[in-house]
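Topology and contacts: notes
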Amino acid sequence: MSSPVQGKRRMDTDVIKLIESKHEVTILGGLNEFCVKFYGPVNTPYEGGVWKIRVHLPEHYPFKSPSIGFMNKVYHPNIDEVSGTVCLDVINQNWTALYDLSNIFESFLPQLLTYPNPVDPLNGDAASLYLHKPEEYKKKVSDYVRRFATEEALRGAAKNDDSSDSDLSDFSDDETKDMEL
């Protein structure tokens, strides 16, 4: 059995390894909460896209899986369009301490974007389009990439985050509007 100190050491090692790799990492709240810039896989409708992925490492990482979510919009059957939550068995149910953060960004997420699973969707509209009208699906993905997943879109989102009321920044746009009414 691993001690809490060994778990913390592994967390630190994994984050540092990710920072030293080709991934751009922004620390948010210590080494257990950060964002990673993630690029869409080549030869997919997501190619050319860039997303910020928020990562939270739980206290018992690596024995408990990290929480990840897309911060800017992505159109995909297995990613909730509003929350950015990812439905991926290898992270949600089948996680093992043998995996690390590099697996997520170099294998799991690229595979998810390359091979969506429309049978187990978080976004039913995307799953239906993917299954029944694949060319329209690709066009919609490309539109989302152009509108929400560019360096310019990320800069605009960051600018909006900086200018928003910090008390409301943890809420979605709809929740913020409801609170302001």
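Thresholds, definitions, all that
Residues numbered from 1 in each chain as written. Predicted model: local features only at pLDDT ≥ 70, side-chain atom pairs only at ≥ 80, totals over all residues. Heavy atoms only, no water. Helix = DSSP H or I, 4+ residues; strand = E, 2+ residues; numbered from the N terminus. Contact = heavy atoms within 4.5 Å. pLDDT = per-residue confidence, 0-100. UniProt positions renumbered as here; feature names shortened; annotations may be inferred. Pairing = 2+ DSSP bridges. Axes fitted to C-alpha atoms, helices over the stretch in contact; angles between N-to-C directions. Parallel < 35°, antiparallel > 145°, perpendicular 65-115°, else oblique. Nonpolar A, V, L, I, M, F, W, Y, C, P; charged D, E, K, R; others polar.

Remarks on the side chain of Ser102
Among the secondary structure elements, Ser102 is positioned in helix H3 (residues 101-114). Sequence-distant contacts of Ser102, that is, excluding residues within four places in its chain, are made with Lys17, Leu18 and Ser107.

Focus on the confidence of the model for the protein chain
Summarising the model, the protein chain shows a mean pLDDT of 86, and 85% of its residues fall at 70 or more. Helix H4 (residues 124-132) holds the highest mean pLDDT among the elements of the protein chain, 98, whereas helix H7 (residues 173-180) holds the lowest, 38. Predicted confidence for residues 164-181 stays below pLDDT 50, and this span has six contacts to residues more than four positions away or in other chains.

Here we look at the UniProt feature "active site" (unreviewed entry) in the protein chain
The positions UniProt marks with the feature "active site" (unreviewed entry) are Cys87. Secondary-structure assignment places Cys87 in the loop between strand E4 (67-70) and helix H2 (89-92).

Some points on unusual backbone geometry
In this structure, the amide linkage connecting Tyr61 to the following residue, Pro62, adopts the cis form with an omega of 10°. Of note, Pro62 is situated in the loop between strand E3 (50-56) and E4. Non-glycine residue Asn43 carries a positive phi angle of around 65°. By secondary structure assignment, the location of Asn43 is in the loop between strand E2 (33-39) and E3.

Focus on the pairing of E3
Regular strands place their side chains on alternate faces of the sheet. Two elements, E2 and E3, share seven bridges in a ladder whose sense is antiparallel. Following the sheet pairing, Lys37 is matched in E3 by Lys52. Where E3 meets E4, four bridges bridge the pair, whose relative direction is antiparallel. When the sheet's bridge partners are listed, His56 is paired in E4 with Ser67.

Considerations on the packing of H4 against helix H5 (residues 134-148)
H5 packs onto H4 with a crossing angle of 130° between their chain directions and a minimal axis gap of 5 Å. If you check the angle between H4 and H5, you find them oblique. Between H4 and H5, the contacting residues are Ala126, Leu129, Tyr130, Leu131 and His132 on the first element and Pro134, Glu136, Tyr137 and Lys140 on the second. For the contact of H4 with H5, the per-class residue count stands at six nonpolar, one polar and two charged.

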